[in-house]
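# Structural overview
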Amino acid sequence: MRTLRLITTGGALAYRALFNWTTPAMYAGTLLAGPTFQLLFFAYLGRQLRVADDAFFIVGNAVLAASSACVFGGTMAVANERRYGTLGHVLLSPRSRTAIFWGRVLPYAGNGLLIAVFTLTAGSLLLGLRIPVNALPGLGLALAAGSLACAFFGLTLGALGLRFRDVFVVSNVAVAVLLLLTGVNVPRGELPPWMIGVGHALPITHAAEAARLLAAGRGLGAAAPALLTELLVAAGYAVLAAALLTIFEAESRRRASLETL
């Protein structure tokens, strides 16, 4: 129970302390309007180039919409501790750092899910996509799985913050990689084999596949393998993030330094 409280309550408090909402207008403009206009851009570009139908881009970009908030949020879970000068205090805590940082991922994943749902709703209303009502619970699960995988992916990048001073450079590159290699805007069958292979190991790839199957009315049974794979990807990044944080923390103690680059 103490660990569960650390994950839930500690994560919520850290989210409030480390993430600056600034103003509601900035939140809406950056995290809601931005992904919606991106969806419209790719949908109309796809129409012009006849790459795929509107449903392909609406669902794909709805899943992608969570990536920026989740990846940067997961990175900030570590990087902002350094920015505010409190990272040393966290590392000196007698509690499990793995539980501390895993708990911090959950609010960012929830934020990403909210953004993804908003983007899917806005895209459907603006472009006239009709989604079967019985597909909505499965779609919510797919968006939640993608958001969670992105958040743990961001935490993995954030773990590099124990070694690198400016880890946000890596996060910016990572978001661009998600846009290119996960099949959200380019059909994966059109990508080179090595890109398809890399995409299998990235978050949101399988969430987008599951969401498209559900939006097409194929049912949860057809989408279940992709959903399970997405959850396995999330678990893999959770374990990798914990391992990197443990290794880099031990190295920091040995060198008496929180960074080398």
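The preceding data block contains the structure.
Everything in this summary refers to the structure shown in the same document.

About the thresholds
- Chains are numbered independently. Their residues run from 1 in the order of the written sequence.
- Given that the model is predicted, a residue must reach a pLDDT of at least 70 before its local features are reported, and side-chain atom pairs must reach 80 or more before they are shown or counted; all residues, however, enter totals for whole chains, interfaces and linings.
- For side-chain calculations, the full set of non-hydrogen atoms in the structure is used, while hydrogens and water are omitted.
- Helix and strand assignments follow DSSP, with helices taken as H or I runs no shorter than four residues and strands as E runs no shorter than two, numbered in order from the N terminus.
- One less than the residue count of a helix, multiplied by 1.5 Å, gives the span that helix is expected to have.
- Fitting one axis to the seven residues ending at a residue and another to the seven starting there, the bend at that residue is the angle between the two axes.
- Buried, partly exposed and exposed residues are distinguished by accessible area as a fraction of the type maximum, computed with a 1.4 Å probe on protein chains only: under 20%, between the cut-offs, and over 50%, respectively.
- Under this scheme, a helix contributes an axis fitted over its contacting stretch, all axes are lines through C-alpha atoms, and angles between N-to-C directions fall in the 0 to 180 degree range.
- Each angle receives one of four descriptions, namely roughly parallel if under 35 degrees, roughly antiparallel if over 145, roughly perpendicular if within 65 to 115, and oblique otherwise.
- Contacts are assigned to residue pairs with any non-hydrogen atoms lying within 4.5 Å of each other.
- Nonpolar residues are Ala, Val, Leu, Ile, Met, Phe, Trp, Tyr, Cys and Pro. Charged residues are Asp, Glu, Lys and Arg, and all others, Gly as well, are polar.
- Grouping buried Ala, Val, Leu, Ile, Met, Phe, Trp, Tyr and Cys residues that are joined through side-chain atoms within 4.5 Å yields what is termed a nonpolar core.
- Take a side-chain nitrogen of Lys or Arg and a carboxyl oxygen of Asp or Glu: if they are within 4 Å of each other, that pair is a salt bridge.

## What to know about helix 3 (residues 54–83)
For helix 3, built from 30 residues, the straight-helix expectation of 44 Å at 1.5 Å per residue is met to within 8% by its first-to-last C-alpha distance of 42 Å. At Ala 77, helix 3 shows its maximal kink, close to 45°. In terms of burial, helix 3 is largely enclosed, as 25 of its 30 residues are buried. Phi for Gly 85, located one or two positions after helix 3, is positive at around 75°.

## Digging into the packing of helix 6 (residues 136–159) against helix 9 (residues 205–215)
Running from N to C, helix 6 and helix 9 cross one another at 170°; their axes reach a closest spacing of 9 Å. With respect to helix 9, the element helix 6 is oriented roughly antiparallel. Every residue of helix 9 that contacts helix 6 at Gly 138, Leu 139, Ala 142 and Gly 146 is listed here: Ala 207, Ala 210, Ala 211 and Leu 214. Classifying every residue of the contact of helix 6 with helix 9 gives six nonpolar, two polar and no charged.

## Examining helix 5 (residues 97–127)
Taking 1.5 Å of rise per residue, the 31 residues of helix 5 would be expected to cover 45 Å, and the 45 Å separating its terminal C-alpha atoms lies within 8% of that figure. Directly beyond the C-terminal end of helix 5, a positive phi value near 80° is found at Gly 128.

## Concerning the nonpolar core
In terms of nonpolar packing, the biggest core is built from 71 residues, with Phe 153 and Leu 155 touching the most fellow members. Those elements that provide at least two residues to this core are helix 2 (24–49), helix 3, helix 4 (87–91), helix 5, helix 6, helix 7 (168–181), helix 9 and helix 10 (220–255). At 14 residues, helix 3 tops the list of elements feeding residues into this core. Those residues in contact with Phe 153 that lie beyond four places of it in its chain are Val 71, Ala 174, Leu 178, Leu 202, Pro 203 and Tyr 237. Listed in part, the six residues of the second largest apolar core include Leu 31, Leu 32, Ala 69 and Ile 115.

## Thoughts on the pattern of salt bridges
Tallied over the entire structure, the rule returns one salt bridge. With a closest N to O distance of 2.5 Å, Arg 47 and Asp 54 form a salt bridge. The exposure class of Arg 47 is partly exposed, given its relative accessible area of 39%.

## Quick notes on unusual backbone geometry
Unlike most non-glycine residues, Arg 50 shows phi in positive territory, near 55°. Note on placement: Arg 50 falls in the loop between helix 2 and helix 3.

## Observations regarding the environment of Arg 165
Within the fold, Arg 165 resides in the loop between helix 6 and helix 7. The exposure class assigned to Arg 165 is exposed, which follows from its relative accessible area of 59%. Separated by 83 residues in the primary sequence, Arg 165 and Arg 82 place their C-alpha atoms 8.6 Å from one another.

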